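Residues per chain, in single letters:
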Amino acid sequence: MSGTFVTLVAAEIERPSIDWHAIAPELILLGGGALVTVIDLIWLERVRKLIPTLTSLVFLVALIPVITLWADGSGLPRGLWIIDENVPATGVWEGAFVVDNYSLVLKGLFLLSAYVIVLLSTNYMSEGDYYDSEYYQLIAASVLGMLVMSSSRDLISIFVALELVSIPAYLMAAWRKRDLKSNEAGLKYMLMGVFASAILLYGMSLLYGIAGSTLLSDIAAAIDIGESRPVITLGIVFTIIGFGFKVSAVPFHTWAPDTYEGAPTPLTAFLAVASKAAGFVALINVVIVALPTQANVVEPFIWVLAAITMTVGNLIALRQTNLVRMLAYSGVAQAGYMLAPLAVYDGISDRATSAVVTYLVIYAAMNLGAFAVVIIAARKTRSAELSSYGGMFNYAPGLTLAMTIFLFSLAGIPPVGGWWAKFEVFRVLTEGNRTSGIALAVIAAVNSVIAAFYYLNIAKQMWFLPSPDGDNSRIAIPPALLAAVGLTVAATIVSGVLPGVVSDMTDFVNVAAGQ
Amino acid sequence: MFAAAAFPILPALIITPLITVAVLMLIPANRNSELKLAALVGTTITGMMSIWMLYAFEIADDGFQFAVNRVWLEELGLSWNLGVDGISLFLVVLTGILFPIAITATEPHHDPKQYYIWLTLLMSGSMGVFIALDLLLFFLFFEIVLVPMYFLIGGWGHGNRIHAALKFFLYTMAGSALMLVGIVSVAFLSQDATGGLTFDVVQLAEAQALSQTAQRLVFGSFALAFAVKVPLFPLHTWLPDAHTEAPTAGSVILAGVMLKLGTYGYLRFGIYLFPQAAHDLAWIFLTLGVIGIVYGAAVATMQRDLKRLVAYSSVAHLGFIALGMFVLNTQGIQGAVFQMVNHGISTGALFILVGWVYERRHTREIAALGGLQKSAPIMAGVFTLVMLSSIGLPGLNGFVGEFLILLGGFQGARWWTVIAVTGVILAALYLLWAYQRVFHGTPTEENASMPDLRLSEGLAILPLLVLIVFLGVYPKPMLERIEPAVERLVVHVEANVDGFEEPGPEQLPAEPATADDLTHTLEEAEAEAEAKEEAESLGGEG
Amino acid sequence: MGVQQNVAQIPVDLGSAQPRAVAFAPVSDFLREYIVVGLFGALAFGLVAAFIGLASIFRPDRPTADKVENYESGVDPVGSGWSQSQIRYYIFALLFVMFDVEAVFIFPWAARLEDLGVFGLVEMVIFIFILALGLAYAWRKGVLRWV
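Definitions and limits used
- Residues numbered from 1 in each chain as written.
- Chains lettered and ligands numbered in written order.
- Predicted model: local features only at pLDDT ≥ 70, side-chain atom pairs only at ≥ 80, totals over all residues.
- Helix = DSSP H or I, 4+ residues; strand = E, 2+ residues; numbered from the N terminus.
- Rg over C-alpha atoms; globule rule 2.2 N^0.38 Å.
- Buried ≥ 20, exposed ≤ 12 C-beta atoms within 10 Å, placed from the backbone.
- Contact = placed C-beta atoms within 7 Å.
- Pairing = 2+ DSSP bridges.
- Axes fitted to C-alpha atoms, helices over the stretch in contact; angles between N-to-C directions.
- Parallel < 35°, antiparallel > 145°, perpendicular 65-115°, else oblique.
- Left-handed = near helix turned anticlockwise from the far one by under 90°.
- Nonpolar A, V, L, I, M, F, W, Y, C, P; charged D, E, K, R; others polar.
- Expected span 1.5 Å × (residues − 1).
- Bend = angle between axes of the 7 residues up to and from the residue.
- Core = buried A, V, L, I, M, F, W, Y, C linked by C-beta atoms within 7 Å.
- pLDDT = per-residue confidence, 0-100.

## Quick notes on the overall build of chain A
Of regular secondary structure, chain A possesses 20 helices and two strands. Taking 515 residues into account, the globule formula puts the C-alpha radius of gyration at 24 Å, and chain A, at 22 Å, falls close to it. The dimensions of chain A, computed from C-alpha atoms along their principal axes, are 75 × 60 × 40 Å. Sorting the 515 residues of chain A into buried and exposed places 62% on the buried side. A separation of at least 24 residues holds for 80% of the contacts in chain A among residues at least 6 apart in sequence.

This is the structure:
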């Protein structure tokens, strides 16, 4: 693989036939995003109201090929440049872009999350003094990056996808441009993000230097030397630290609370769910595909990260009085749970991947739901302070019930979704019967109790305490937000009561071998 | 069994309350009486079904009856695996009886719709805990019941209710979070022996695939969860708060049903799954149980709040049950199961009575009450009966359970039992003293005008009084249903613990306390007292 | 792993002439993997500290009023360091840089035009279309208007 450039120039270019079906989701999103931009450019203000609807339609249309691929794929990985499924492909990009069940589930997750985010944003954006259509175009761009990320099995495409996810998010974090906090959010996020990218690139360059290829499977083959070497360890550590920033693992989480609080709330939901999931996908791809033989280096590092992340996240969340910040820290803690399966992936990488993806799917539903409620409540209270949720049951019983479902789900109380996510994590941790895994499971169990404390604290405010200003007028819930809450409540309940629905989708086979 | 095979009675026990919840949701929030009626009808139907099970239950069968097994998640071997044996049967019936009574006996002060919804949900979950034979399913129900109870205490409790609700929730969750790790571990560690991943309790118990250390660790994680729930001595601190601050119905269910989740858990999932570890570590639970007996009784004596006193008496009673269970012989465990039901009946009734006193006087301070016997003679009579049952007066149900536990205890754990006996005396002390202060003496002005029991209230508590006397006089039908399952458990422990033989009556006659003998003795000795008591309680309704 | 196992297999004999084995044996596998990371970090910080420290020791330090002034292309600085410049310069510069850099991607295609044929042409049309969309956006939203 070394000297690819020479090959490219010298050899006769082989024009591969493209598997259009496999890249249809990305193409639709790209075309749809461009279309939205064109429409916006032609009619400007006259179509302002239509842009969110159009964007969400684009997401839904892009979901169609994901579903048909799922139905058609029967678990077979498809490469972008495969000429004939029976003949190994020979193109330069061979194996860099893989469509298998794993990536399809994630694509579905990203598209649906993005759909919900648009629902959350519609009223928020149109009611404030914000640039409107650009926001949706940037979301579409970011989601495009996520879709590419799901299929990337190559350092370069992973990096490009990660930047495509992040750069629009930097802009959107500062979207409330007259608010200093939002400016701070955008700036912090960008500086830390760029810093993380630099570290990530450094780690990747070391891995490339060892393997002579950016393709993850080539790297896996190159570093399968039966021992660890300092330079490999360095490369791995830097790469994981780079992703650690993206998934807000402690101690690389410092940007998250400020950014979450200052950014527009729908975007916070986007960062906390979709963007974080993209970071996890990148991490899974690298760890599972490229580093299966380096478990003795990766596992202890991720173990420590996971343990610190869940503990510190929860302990700081205990002290928060602002609900958005609390959710931010709770998201940090949840990232710790999601990291946990990767601390014991040796030999059970498919199961570990399934557990993380299951967690991501359920987490997306419950966390998006919680943010939806926060956004709705803020329409009345103009605040995200915990005390402003007092007495909500009196004037918004349905909303309170929905929030309670999300909170109990986040705390892992059955029968709503969160318990299944936690169970999957515990399952992987204990499956190998290794002390490290069981110890981490115990840490996670203790943490889930700490977490229950602050989740219940929110429930307490809403159910038992009086409203702070005695204002018990009802909240008018716009249809878009109502739909968002309905969707997420349904997803949260279904994933808990019928966990088979989720586990059937996330039962992956041979993620690492996707070519 | 014939009819049972046709009608899925166990799922119906879970589903009927859920249907009731759906019905309640449809009724407008301001229709107070309709809401109560719907909740009452739903829970009573469930209760009736549970009582019908008593009739349909095959006495000689020591296995699980009415079994239902539906696959829920194939890849995990997770299934809706339900069944009852002699151990769980009466806890199911107890649940079925206590809920309608708790609903009849008291009214919520506000938001009746929510209140009844939570109560019926709680019933569904409680039923599920007792009939689940799949570890994970059990865990789900075990956690689910926390939620309605949290809202019942936090929403309709007294004074410091929110704090009490949170404490209750976190304590229990702390235990059960580790239990989840234990559950997953035991399933995976037994994977090879059971031929695939399964959470089926019977299969796991038969497999006994864990190494000694693993068994102890996993048993420890289970034991911690149950110890919080029982509660055993150092983990009991949530109980006085939760019981005292909970609304009356909440206290009744907490004491009557939810504490049993812990003791039942020890029998079904602790001792049954991990006999070796349970046997090795039994001394811990015997010790904690005995400490609970003495400590609970001592602290109860000091209480100024009547409800708190009853709450601490629970700690003592549950200590007896722990003692009986971990002696690991038939009499002890049988007595423990019996005592679980007794405690549900008598403490449930005590909480109802205390709740009524509070409704009338708006205080539970023992010092502020006094002379109630004058103003409310019928209530005093009912209180006497219930209190005597709680003390363990021969001829009433409490005696049978305590007697069996002590009998078993002397055979297996003599010195612990010697200390435990003092608990019987202490129980008499704190309850009689409390009775004296509350009901005797000259009533002050407010106490003098306290209204007596209404007919509806009398009818509500009547079933409990009948049970107190009936089980005291004629425990045979209950004991003979409990016995096969307990014997099977003991045989299971014997088979799986090296060198362990059921602590038996070496110097005592071969079968000292079969149901028949015991009943016989009691009948003769106490016939007179019974007649008097019964007359009093029944007279109360007139 | 192989190397460490070898190290671990060396018999630890305090009296022998193998002090290295004695020094390494107590270190667990886990720590050994990360020693290099720690060393690397220490080296990075150490180098920076060394350079700055050495420089501050050896450099002459004779400040004068002229020396502490800001360097402004050899011209005396006038006024405050903070001054506003037209945001339009910034936007134009940004647009220029973007399109300039994108042009780099067009050259390889131009060099292999015939080989790539229609396929390459279609690809490049898409690429240029997206670029043009950006320009159209800037134009339509009034970014290019100077006044």
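Having seen the model, we can carry on.
## A look at the overall build of chain C
Looking only at helices and strands, chain C features five helices and zero strands. If you list the helices and strands of chain C from N to C, you get α-α-α-α-α. Buried positions account for 1% of the 147 residues belonging to chain C.

## What about unusual backbone geometry?
Pro 414 of chain A connects to Pro 415 of chain A through a cis peptide bond whose omega is 5 degrees. Within the secondary structure, Pro 415 of chain A is located in the loop between helix 16 (397-411) and helix 17 (418-431). The residue after Val 230 of chain B, namely Pro 231 of chain B, is reached through a cis peptide bond having omega -5 degrees. Looking at the secondary structure, you find Pro 231 of chain B in the loop between helix 11 (212-229) and helix 12 (238-245). One non-glycine residue with positive phi stands out, namely Asp 111 of chain B, at about 40 degrees. The residue Asp 111 of chain B is located in the loop between helix 4 (86-105) and helix 5 (112-131) in this model. Positive phi is not limited to glycine here, since His 362 of chain B has a value of about 55 degrees. One can find His 362 of chain B in the loop between helix 17 (330-361) and helix 18 (372-375).

## Some points on the pairing of strand 1 (residues 65-73) of chain B
Side-chain direction in a regular strand flips from residue to residue, so the side chains alternate between the two faces of the sheet. Residues and elements named next belong to chain B. As paired strands, strand 1 and strand 2 (residues 78-84) are joined by six bridges and run antiparallel to one another. By the bridge assignment, Val 71 is partnered in strand 2 with Ser 79. Between the antiparallel neighbours strand 1 and strand 2 lie four residues, among them Gly 77 with a positive phi of about 65 degrees.

## Comments concerning the environment of Asn 394 of chain A
Residues and elements named next belong to chain A. With respect to the element layout, Asn 394 can be found in helix 15 (residues 392-395). With 15 C-beta atoms packed within 10 Å, Asn 394 lands in the partly exposed category. In this structure, the C-alpha to C-alpha distance between Asn 394 and Arg 474, residues 80 residues apart in sequence, is 8.8 Å. Look past the residues within four positions of Asn 394 in its chain and what remains in contact with it is Ser 467 and Asn 472.

## Brief notes about the packing of helix 17 of chain B against helix 19 (residues 377-391) of chain B
All names here are of chain B. For the pair helix 17 and helix 19, the least separation of the axes is 9 Å and the interaxial angle reads 150 degrees. If you check the angle between helix 17 and helix 19, you find them roughly antiparallel. Judged by the twist between their axes, the crossing of helix 17 over helix 19 is left-handed. Residues Ser 346, Thr 347, Ala 349, Leu 350, Leu 353 and Trp 356 of helix 17 form the contact with helix 19, whose own contacting residues are Met 379, Val 382, Phe 383, Val 386, Ser 389 and Ser 390. The class makeup of the residues in the contact of helix 17 with helix 19 is eight nonpolar, four polar and no charged.

## Some points on the interface of chain B and chain A
Each partner contributes residues to the interface: chain B has 24 residues there, and chain A has 27 residues. Of all the secondary-structure elements, those providing two or more residues to the side of chain B that touches chain A are helix 6 (135-144), helix 7 (146-156) and helix 8 (161-189) of chain B. Here the side of chain B that touches chain A gets 14 residues from one element, more than from any other, and that element is helix 8 of chain B. Residue composition of the side of chain B that touches chain A, grouped by class: 19 nonpolar, three polar and two charged.

## Let's talk about helix 2 (residues 9-26) of chain B
All names here are of chain B. Over its 18 residues, helix 2 extends 25 Å from the first C-alpha to the last, a length consistent with the 26 Å expected when each residue adds 1.5 Å. Along its length, helix 2 reaches its greatest deviation from straightness, about 30 degrees, at Ile 15, and the proline Pro 17 lies no more than four positions downstream. For helix 2, the full list of buried residues reads Ile 9, Leu 10, Leu 13, Ile 14, Thr 16, Pro 17, Thr 20, Val 21 and Leu 24.

## Examining helix 18 (residues 435-464) of chain A
Compared with the 44 Å implied by 1.5 Å per residue over 30 residues, the 42 Å span of helix 18 of chain A between its first and last C-alpha is a close match. Buried residues dominate helix 18 of chain A, accounting for 21 of its 30 residues.

## Thoughts on the environment of Lys 229 of chain B
Residues and elements named next belong to chain B. Assignment of secondary structure puts Lys 229 in helix 11. C-alpha of Lys 229 to C-alpha of Asp 200: the two residues are 29 residues apart in sequence and 23 Å apart in space. If near-sequence neighbours (up to four positions away) are discounted, Lys 229 is found in contact with Thr 172, Gly 175, Leu 259, Leu 261, Gly 262 and Gly 265.

## Focus on the nonpolar core
The biggest cluster of nonpolar side chains holds 414 residues, and the ones touching the most others in it are Leu 120, Leu 360 and Val 373 of chain A together with Leu 119 and Leu 353 of chain B. With 21 residues, the single largest contributor to this core is helix 14 (residues 349-381) of chain A. When sequence neighbours within four positions are dropped, the list of residues in contact with Leu 119 of chain B reads Ala 39, Phe 99, Ile 103, Leu 152 and Ala 249 of chain B.

## Section: the confidence of the model for chain C
A low pLDDT score tells you not to read the predicted coordinates there in detail. Residues and elements named next belong to chain C. Taken residue by residue, chain C gives an average pLDDT of 75. The fraction at 70 or more is 79%. Helix 2 (residues 19-24) is the least confidently modelled element of chain C, averaging 39 in pLDDT, while helix 3 (residues 29-58) averages 87, the highest of any element. Of the regions scoring below 50 in pLDDT, residues 1-26 engages in 19 contacts with residues more than four places distant in sequence or in other chains. With a pTM of 0.85, the predicted complex shows an ipTM of 0.82.

## Some words on the packing of helix 17 of chain A against helix 8 of chain B
Taken N-terminus to C-terminus, the directions of helix 17 of chain A and helix 8 of chain B make an angle of 50 degrees; their axes are 9 Å apart at the nearest point. Taken together, the axes of helix 17 of chain A and helix 8 of chain B are oblique relative to one another. You can see that helix 17 of chain A and helix 8 of chain B cross each other, and the crossing is right-handed. Here helix 17 of chain A contributes Phe 423, Phe 426, Arg 427, Thr 430 and Glu 431 of chain A to the contact with helix 8 of chain B, which in turn contributes Leu 180, Val 181, Val 184, Ser 185 and Phe 188 of chain B. In terms of residue class, the contact of helix 17 of chain A with helix 8 of chain B is made up of six nonpolar, two polar and two charged.

## Observations concerning the environment of Ala 352 of chain A
Residue and element names in this part refer to chain A. By secondary structure assignment, the location of Ala 352 is in helix 14. As for Ala 352 and Pro 341, which are separated by eleven residues in sequence, their C-alpha atoms are 5.1 Å apart. Not counting residues within four places of it along the chain, the set of residues in contact with Ala 352 comprises Pro 341, Leu 342, Val 344, Tyr 345 and Val 428.

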